[in-house]
Amino acid sequence: MVQAAGMLSFLAGGLSFSGQASADAAACAQYGSIQPGVNPSFQHINCLLTAEALEQDIPPEVVKAVAMEENAWKQFDENGDPIVSDDGGIGLMQLTNQAAFDQERLKTDIVYNIEKGVTVLDEKFKSNVPKIAGDRRDVIENWYFPVMAYNGIKPVNSPLKQETGEVNVEAYQEKVFAEIKASSFINDRSFADFGFQTSDFQYDPDKTDNIVFKKMSYTPTGSLTQTTYSLQKGDQAVTVNNTPALRSVPGGGAEEILEELAEGTLLTLTGPFQFDQNPNSTRQFVWYPVKTADGKTGFVSSAYLQKSDKPAASLFKDVSANYRFYNDIAALSSQDIIGGYKDGTFKPGKQVTRGEAASMVVRALGLPINGMKPIEVAKKHGIINGDRNGRLAEGEPVTRAQVAIILTNAFQLKESAPISFTDVHERMAAYDSIRRIVAAKITYGDENNKFNPDRPVTRGEIAAFLNRTLER
């Protein structure tokens, strides 16, 4: 339970490692509305805790474990009354001595209770407690002392027993970190060794005075554990520990298993994480849609994933990790929107035809082909037009002006921006489309204030244009 705040140092926020939504009710609307006096389903609370953790740049694994240790993810008792502990801890996050918050809302509003609990945990990170691995917010080990402070820096929570030097497994933060391993990583991860010594912590075991920290910075040994929620579409991840399953849906049972994956299997993420499809599931981890090296697709539990340092674009012999459109090519390749050649190359500098551009957009939108050419499908949906003679000119190079029109039509771009390119004028067919793709930050002009509307587009460029559009 959270004790009185004490002296906190409200520094500027740390590294933002995710762009997920905040934990208001709308963020988890897929689970329905929150009812007064009723605990939402486990996966609904999983969504609320995850979203608020990401909103405040805290690893969701940490927030979920704290909430489980505090009150087992419960806000109300069986009678629908708010759960208040003997020492005044309120609700799911068991907030104690927090006069700055609305006490009644802490009792009745589970979303507010979660938000304020995560806020307090964030304050503890910024407070004067020892740091592990510096200020990196995405490293789970670095939350050891903030978690401790959430409960209180009292002798009972000393990392080591003063008299024996043994790890104090009953310390609050040790229990939370054990919960992280058990529920977010299924006991298959080892946290880095902090190298604690009893001399690091000064306290009288017979008193309740706060621990005095004699060492304020640690350099742990072993690999640090980065939150799996920092993974993004297009990233490569490797499977770790045991034998994870590739499943046809997020979660499910044995019937949804497509195949077992060996440890060290390299996967490409094809989208953002999803929660367990079973609302009655009590699994805290989430599921990522992935693609294997041999083209199989499915979902893998975040509990078995670790970001790989191997660049996704290394799949193409002629695209290095420092190529300017590397991330865009990797993202579209992982989604089968754009591919390489049989010789293992991507040919990023090769010009794109109008037919190829249409094919990429049709795949990105998931439009059915039904025996037609992709460019014909694109014309049918008003994405691409023919010339004055009605020709689709499938084999001709697509220009920057034409790509502007295609993307504007395909993704219904509405917002316009003022432009002053010296080679673009109002009488041009692409004039309004160019204004819209500039507003959408899909592409800009060159250093000479030219848009180069008639210049053919390369494969690398169109990957960037299309991926930026999809990321909107």
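Notes on the structure follow. (Residues numbered from 1 in each chain as written. Predicted model: local features only at pLDDT ≥ 70, side-chain atom pairs only at ≥ 80, totals over all residues. Heavy atoms only, no water.)

What about the overall build of the protein chain?
Here is step 1 of the chain: If you tally the helices and strands in the protein chain, you get twelve helices and eleven strands.
Here is step 2 of the chain: Once the C-alpha set of the protein chain is aligned to its principal axes, its extents read approximately 90 × 50 × 45 Å.
Here is step 3 of the chain: In the protein chain, buried positions account for 51% of the 472 residues.
Here is step 4 of the chain: Considering only contacts within the protein chain whose residues lie at least 6 apart along the sequence, 65% involve residues at least 24 apart.
Here is step 5 of the chain: Surface summary for the protein chain: the accessible area is close to 21700 Å², and the carbon and sulfur share equals 47%.
Here is step 6 of the chain: Distance between charge centres in the protein chain, computed from 48 positive and 59 negative side chains, equals 10 Å. (Helix = DSSP H or I, 4+ residues; strand = E, 2+ residues; numbered from the N terminus. Buried < 20%, exposed > 50% of the residue type's maximum accessible area, 1.4 Å probe, protein only. Contact = heavy atoms within 4.5 Å. Areas by Shrake-Rupley, 256 points an atom, 1.4 Å probe, with all protein chains shown as cover. Lys, Arg positive; Asp, Glu negative; His and termini not counted. Charge placed at Lys NZ, Arg CZ, Asp CG, Glu CD.)

Quick notes on helix H2 (residues 60–71)
Here is step 1 of the chain: Taking 1.5 Å of rise per residue, twelve residues should cover 16 Å, and H2 covers 17 Å from first to last C-alpha, within 8% of that figure.
Here is step 2 of the chain: The element H2 is extensively covered by neighbouring structure, given that ten of its twelve residues are classed as buried.
Here is step 3 of the chain: For H2, every residue scored as buried is listed here: Pro60, Glu61, Val62, Val63, Lys64, Ala65, Val66, Ala67, Glu70 and Asn71.
Here is step 4 of the chain: Each element contacted by the buried residues of H2 is listed here: helix H1 (42–55), helix H4 (110–126), helix H5 (144–151) and helix H6 (172–184).
Here is step 5 of the chain: In the stretch just after H2, alanine 72 is the one whose phi turns positive, near 50 degrees. (Expected span 1.5 Å × (residues − 1).)

Some words on the state of the cysteines
Any covalent bond linking the sulfur atoms of two cysteines counts as a disulfide.
Here is step 1 of the chain: A complete count under the given rule lists one disulfide for this structure.
Here is step 2 of the chain: Each sulfur of the disulfide joining cysteine 28 and cysteine 47 lies 2.1 Å from the other. One disulfide, between cysteine 28 and cysteine 47, carries an S-S torsion of -90 degrees and so falls in the left-handed class. Linking cysteine 28 in the segment before H1 with cysteine 47 in helix H1, this pair joins segments that are 19 residues apart in sequence. Like cysteine 28, the residue cysteine 47 is buried in the burial classification. (Disulfide = S-S within 2.5 Å.)

A look at the pairing of strand E8 (residues 266–269)
Here is step 1 of the chain: Relative to E8, strand E5 (residues 236–239) runs antiparallel, the two sharing three bridges. Each residue of the ladder has a partner; that of glutamine 236, found in E8, is threonine 268.
Here is step 2 of the chain: Alignment of E8 against strand E9 (residues 287–292), held across three bridges, turns out to be antiparallel. By the bridge assignment for E9, leucine 269 is matched with valine 290. (Pairing = 2+ DSSP bridges.)

Focus on the pattern of salt bridges
Charged atoms that come close allow side chains of opposite charge to pair.
Here is step 1 of the chain: Throughout the structure, instances matching the rule amount to 15 salt bridges.
Here is step 2 of the chain: The partner of arginine 105 in a salt bridge is aspartate 109, with the nearest N and O atoms 3.0 Å apart.
Here is step 3 of the chain: Assessed through its relative accessible area of 37%, arginine 105 is described here as partly exposed.
Here is step 4 of the chain: For lysine 175, the salt bridge identified is with glutamate 170, shortest N-O distance 3.3 Å.
Here is step 5 of the chain: For glutamate 170, a relative accessible area of 51% gives the class exposed.
Here is step 6 of the chain: One salt-bridge network, held together by shared partners, links Asp122, Lys126 and Arg137. (Salt bridge = Lys/Arg side-chain N within 4 Å of Asp/Glu carboxyl O.)

Topic: the side chain of asparagine 157
Here is step 1 of the chain: Along the polypeptide, asparagine 157 turns up in the loop between H5 and H6.
Here is step 2 of the chain: What makes asparagine 157 buried here is its relative accessible area of 3%.
Here is step 3 of the chain: At a separation of 2.9 Å, a polar atom in the side chain of asparagine 157 contacts the main-chain amide nitrogen of tyrosine 172.
Here is step 4 of the chain: In this view, asparagine 157 contacts Met148, Asn151, Gly152, Asn168, Ala171, Tyr172, Gln173 and Ile211; residues no more than four positions away in its chain are not counted. (Polar contact = N/O pair within 3.5 Å; in protein donor to acceptor, adjacent residues only side chain to side chain.)

Focus: the packing of aromatic side chains
Here is step 1 of the chain: Under the counting rule described, the total for this entry stands at 22 aromatic pairs.
Here is step 2 of the chain: With a centroid separation of 5.4 Å and an interplanar angle of 45 degrees, the aromatic rings of tyrosine 144 and phenylalanine 196 are classed as tilted. Taken together, the residues span a long stretch of sequence, with tyrosine 144 in helix H5 and phenylalanine 196 in the loop between H6 and strand E2 (201–202) at a distance of 52 residues.
Here is step 3 of the chain: Its relative accessible area of 1% is what places tyrosine 144 among the buried residues. (Phe/Tyr/Trp six-rings, centres within 6.5 Å; stacked < 30°, edge-to-face > 60°.)

Some points on H1
Here is step 1 of the chain: Here H1 spans 20 Å end to end across 14 residues, near enough to the 20 Å set by a 1.5 Å rise per residue.
Here is step 2 of the chain: With respect to burial, H1 is a largely interior element, 13 of its 14 residues being buried.

Considering the environment of glutamine 35
Here is step 1 of the chain: Relative to the helices and strands, glutamine 35 resides in the segment before H1.
Here is step 2 of the chain: Sequence-wise, glutamine 35 and glutamate 115 are 80 residues apart; in three dimensions their C-alpha atoms are separated by 18 Å.
Here is step 3 of the chain: A distance of 2.7 Å separates polar atoms of two side chains, one belonging to glutamine 35 and the other to serine 33.

What about unusual backbone geometry?
Here is step 1 of the chain: Its identity as a non-glycine residue notwithstanding, lysine 347 has a phi of 55 degrees, on the positive side.
Here is step 2 of the chain: Of note, lysine 347 is situated in the loop between helix H7 (326–334) and helix H8 (354–365).
Here is step 3 of the chain: We classify lysine 347 as partly exposed; its relative accessible area is 32%.
Here is step 4 of the chain: Its identity as a non-glycine residue notwithstanding, glutamine 412 has a phi of 50 degrees, on the positive side.

Quick look at the packing of H5 against H6
Here is step 1 of the chain: Packing of H5 against H6 leaves a shortest axis separation of 8 Å and a crossing angle of 125 degrees. Considered as vectors, H5 and H6 are oriented oblique to each other. Remark: the crossing between H5 and H6 carries right-handed chirality. Contacts from Tyr144, Val147, Met148, Tyr150 and Asn151 of H5 reach H6 at Tyr172, Gln173, Glu174, Val176 and Phe177. (Axes fitted to C-alpha atoms, helices over the stretch in contact; angles between N-to-C directions. Parallel < 35°, antiparallel > 145°, perpendicular 65-115°, else oblique. Left-handed = near helix turned anticlockwise from the far one by under 90°.)

Looking at the side chain of threonine 292
Here is step 1 of the chain: The topology assignment puts threonine 292 in strand E9.
Here is step 2 of the chain: Since its relative accessible area comes to 8%, threonine 292 is described here as buried.
Here is step 3 of the chain: Aside from chain neighbours lying at most four places away, what touches threonine 292 is Leu246, Leu266 and Leu267.

Concerning the packing of H4 against H5
Here is step 1 of the chain: Two numbers describe how H4 lies on H5: the axes approach to 8 Å, and their chain directions differ by 120 degrees. Looking at the two axes, H4 sits oblique to H5. Here H4 and H5 pass one another in a crossing that is right-handed. Facing Gly117, Val120, Leu121, Lys124 and Phe125 of H4, the residues of H5 in contact are Pro146, Val147, Ala149 and Tyr150.
Here is step 2 of the chain: Considered class by class, the residues forming the contact of H4 with H5 number seven nonpolar, one polar and one charged. (Nonpolar A, V, L, I, M, F, W, Y, C, P; charged D, E, K, R; others polar.)

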